[in-house]
Amino acid sequence: QVHLVESGGGLVQAGGSLRLSCAASGSIFSINAMGWYRQAPGKQRELVAAITSGGSTNYADSVKGRFTISRDNAKNTVYLQMNSLKPEDTAVYHCAAEVAGMWDYWGQGTQVAVSS
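My aim in this report is to walk through the structure given alongside it, one point at a time. Owing to the predicted nature of the structure, the values given are computational and were not obtained by experimental measurement.

## Considering the overall build of the protein
Part 1: Across its full length, the protein carries 0 helices and 11 strands.
Part 2: The C-alpha atoms of the protein give a radius of gyration of 13 Å, which matches the 13 Å a tight globule of 116 residues would have.
Part 3: In the protein, which comprises 116 residues, the proportion classed as buried is 41%.
Part 4: Residue pairs in contact within the protein that sit at least 24 positions apart in sequence constitute 53% of those at least 6 positions apart.
Part 5: Of the roughly 6000 Å² of accessible surface on the protein, 48% is carried by carbon and sulfur atoms.
Part 6: With 9 positive and 8 negative side-chain charges, the protein shows a spacing of 5 Å between the two charge centroids.

The following block contains the structure:
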């Protein structure tokens, strides 16, 4: 079992920045990758960014150049630095962990709201 706890959401004006954190506990040795997903009202959940245990990253086209995913292995924590935020970034952001090819573990979510 893997337990994920997010923090760092909030309300920010367009152009501002936020940093999300996701602390993992439990069977962390089994995690192959961690990622951030988001879901806005009335929209499907989408992958925002992911990072593998080897440090490879990938991003949604909509956030490339603005968001950065990183990890601190000593703290078992993954971060999402979000810069140049836009109103369309408003969503609930969930941290997730991929184990054995399945994104089976999810945090409770943290709200990000960007005002225009």
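## So, the nonpolar core
Part 1: Leu4, Met34, Trp36, Leu80, Met82 and Tyr93 are the most contacted members of the largest nonpolar core, which totals 30 residues.
Part 2: With 5 residues, the single largest contributor to this core is strand β9 (residues 91-99).
Part 3: When residues no more than four places from it in sequence are discounted, the contact partners of methionine 34 are Leu4, Cys22, Ala24, Ala49, Ala50, Ile51, Ile69, Val78, Cys95, Ala96, Ala97 and Trp103.

## Comments concerning the state of the cysteines
Part 1: One pass over the structure, following the stated rule, counts 1 disulfide.
Part 2: The disulfide partner of cysteine 22 is cysteine 95, and the S-S distance across this bridge is 2.0 Å. Judged by the sign of its S-S torsion, about -80°, the bond between cysteine 22 and cysteine 95 is left-handed. Of the two residues, cysteine 22 is situated in strand β3 (residues 18-26) and cysteine 95 in strand β9; the sequence distance between them amounts to 73 residues. Assigned by exposure class, cysteine 22 and cysteine 95 land together as buried.

## Considering the pairing of strand β1 (residues 2-7)
One face of the sheet, then the other: side chains in a regular strand alternate in exactly this way.
Part 1: A one-sided burial pattern is seen for β1, the buried positions being Val2, Leu4 and Glu6 and the unburied ones His3, Val5 and Ser7.
Part 2: Summarising the sheet, β1 and β3 pair through 6 bridges and their orientation is antiparallel. In the sheet register, valine 5 faces β3, and the bridge partner there is alanine 23.

Parameters and conventions
Position numbers for residues count from 1 along each chain, tracking the sequence in the order it is written. Restriction of local features to residues with pLDDT of at least 70 applies here, the model being predicted, together with a cutoff of 80 or more for giving and counting side-chain atom pairs; totals for whole chains, interfaces and linings are based on all residues. Water and hydrogen atoms play no part in the side-chain values, which are based on all heavy atoms of the structure. Elements are defined by DSSP. Helices are runs of H or I of four residues or more, strands are runs of E of two residues or more, and each kind is numbered from the N terminus. A radius of gyration in this sense is built from C-alpha atoms; the matching globule rule multiplies 2.2 Å by the number of residues raised to 0.38. Each residue is assigned to one of three classes by its accessible area relative to the maximum for its type, calculated with a 1.4 Å probe on protein chains only: buried under 20%, partly exposed between the two thresholds, exposed over 50%. Between two residues, a contact is recorded if the distance between any of their heavy atoms is within 4.5 Å. Here the open area of atoms and residues is found with the Shrake-Rupley method and a 1.4 Å probe, where only the protein chains shown may cover a residue. Under the counting rule used here, the positive set is Lys and Arg, the negative set is Asp and Glu, and His together with the chain ends is not counted. Charge coordinates come from a single atom per side chain, which is NZ of Lys, CZ of Arg, CG of Asp or CD of Glu. Nonpolar core, defined: a set of buried Ala, Val, Leu, Ile, Met, Phe, Trp, Tyr and Cys residues in which side-chain atoms within 4.5 Å join the residues together. Only a pair of cysteine sulfur atoms within 2.5 Å qualifies as a disulfide here. If DSSP finds at least two bridges between two strands, the strands pair.

By themselves these figures say nothing about function.
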